[in-house]
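# Survey of secondary and tertiary structure
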Amino acid sequence: MGSAGEKRLAAEAAAQLVDDGMAVGLGTGSTVAFLLPALARRGLDLRCVATSPATEAAAHALGLAVECFMGPDALPRLDIAIDGADQVAADGWLVKGGGGAHTREKAVAAAAERFVVIVSSDKLVDSLVPPVPLELRPFGLAAALRRLGQISLRDAPASPDGGVIADLTEPFADPHELAARLAADPGVVEHGLFPPALVSEVVVATGAEVEIRRIG
């Protein structure tokens, strides 16, 4: 079937997890591109928030109601958030942020009662490997790069919040240890390591079959 067909199947299965009246977080990337029309076709009354301007524009074009997720008057919680991933390890750790939206993706996932990850079978790995996406602060960038190790700056626009998008390229053995080190560095806005505790389910399509794996 191929990766695109598997992404579509996983996205369509995840769309069935959404009920009328829900507040829904919409991820970013090629798999979510299949989710948005699948949700729109259901004709549900939803309140959505988007993790990137691209997702917001695509959702609006399909008639999905997208709200601002900034400021104290934004939705305080979401019923469900659905997003893709670059890697899903056997122990439930994820790498996300290939599209540079991992800061907002993690904020939306953390606000959701249920975070559902949708992937094709090629995203499943035994253990995580680099690169790990980063969003870095422009202030003190050179010093942060010196501290952090092997970092590759992307030739990409700044994040919607003004951060510098980069990738950590050095090998690592323990994602928990690496996540803690990155989170403790003042130059790092956010990193693309998502712990199993944040993930409710992974919807994975393999060929024509879809499996829902419970994680957190």
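Throughout what follows, the structure given in this document is the object of discussion. Values in this document were obtained by computation on a predicted structure and should not be read as measured data.

### Quick look at the side chain of Lys7
Note that Lys7 resides in helix α1 (residues 3-15). In this structure the side chain of Lys7 is engaged in a polar contact, spanning 2.7 Å, whose partner is the side chain of Ser30. Residue contacts for Lys7: discarding those within four places in its chain leaves Ser30, Thr31, Phe34 and Ser120.

### A look at the pattern of salt bridges
What the rule picks out here adds up to 15 salt bridges. Between Arg147 and Asp185 there is a salt bridge; the shortest N-O distance is 2.8 Å. Remark: Asp185 occurs in the loop between α6 (175-184) and β11 (188-191) and Arg147 occurs in helix α5 (residues 141-148); sequence separation between them is 38 residues. Through salt bridges that share partners, Arg8, Glu12 and Arg41 make up one connected network.

### Here's the deal with the sheet that holds strand β12 (residues 193-194)
Taken together, the four strands give an open sheet; going across it, the order is β7-β4-β5-β12, and neighbouring strands pair in mixed fashion. The outermost strands of the open sheet, each flanked by one partner alone, are β7 (124-125) and β12. Pairing of strand β4 (residues 87-89) with strand β5 (residues 94-95) involves two bridges; the strand directions are antiparallel. Across the sheet, residue Gln87 finds its bridge partner in β5, namely Val95.

### Some details on helix α2 (residues 32-42)
For an α-helix, the turn length of 3.6 residues means that residues three or four places apart are oriented alike. Among all positions of α2, only Val32, Leu35, Leu36, Ala38 and Leu39 are buried. Where α2 is buried, its residues meet α1, β1 (23-26), α3 (53-61), β3 (80-83) and β6 (115-120). The first or second residue beyond α2 is Gly43, which carries a positive phi of 65°.

### Brief notes about the packing of aromatic side chains
Ring pairs (aromatic) are described by centroid distance and by the angle formed between their planes. Tallying each qualifying case throughout the model produces one aromatic pair. Here the aromatic rings of Phe115 and Phe194 are separated by 6.3 Å at their centres, their planes lie at 35°, and the arrangement is tilted. Of this pair, Phe115 sits in strand β6 while Phe194 is found in strand β12, placing the two residues 79 residues apart along the sequence. In this structure, Phe115 and Phe194 share a single accessibility class: buried.

### A few points about the packing of α1 against α2
Axis separation between α1 and α2 bottoms out at 8 Å; the angle between their running directions is 40°. Crossing geometry of α1 relative to α2 is assigned as right-handed. The segment α1 lies against α2, with Ala4, Lys7, Arg8, Ala11, Glu12 and Ala15 engaging Phe34, Leu35, Ala38, Leu39, Arg41 and Arg42. Broken down by class, the residue content of the contact of α1 with α2 amounts to seven nonpolar, no polar and five charged.

Rules behind the numbers
- Residues numbered from 1 in each chain as written.
- Predicted model: local features only at pLDDT ≥ 70, side-chain atom pairs only at ≥ 80, totals over all residues.
- Heavy atoms only, no water.
- Helix = DSSP H or I, 4+ residues; strand = E, 2+ residues; numbered from the N terminus.
- Polar contact = N/O pair within 3.5 Å; in protein donor to acceptor, adjacent residues only side chain to side chain.
- Contact = heavy atoms within 4.5 Å.
- Salt bridge = Lys/Arg side-chain N within 4 Å of Asp/Glu carboxyl O.
- Pairing = 2+ DSSP bridges.
- Buried < 20%, exposed > 50% of the residue type's maximum accessible area, 1.4 Å probe, protein only.
- Phe/Tyr/Trp six-rings, centres within 6.5 Å; stacked < 30°, edge-to-face > 60°.
- Axes fitted to C-alpha atoms, helices over the stretch in contact; angles between N-to-C directions.
- Left-handed = near helix turned anticlockwise from the far one by under 90°.
- Nonpolar A, V, L, I, M, F, W, Y, C, P; charged D, E, K, R; others polar.

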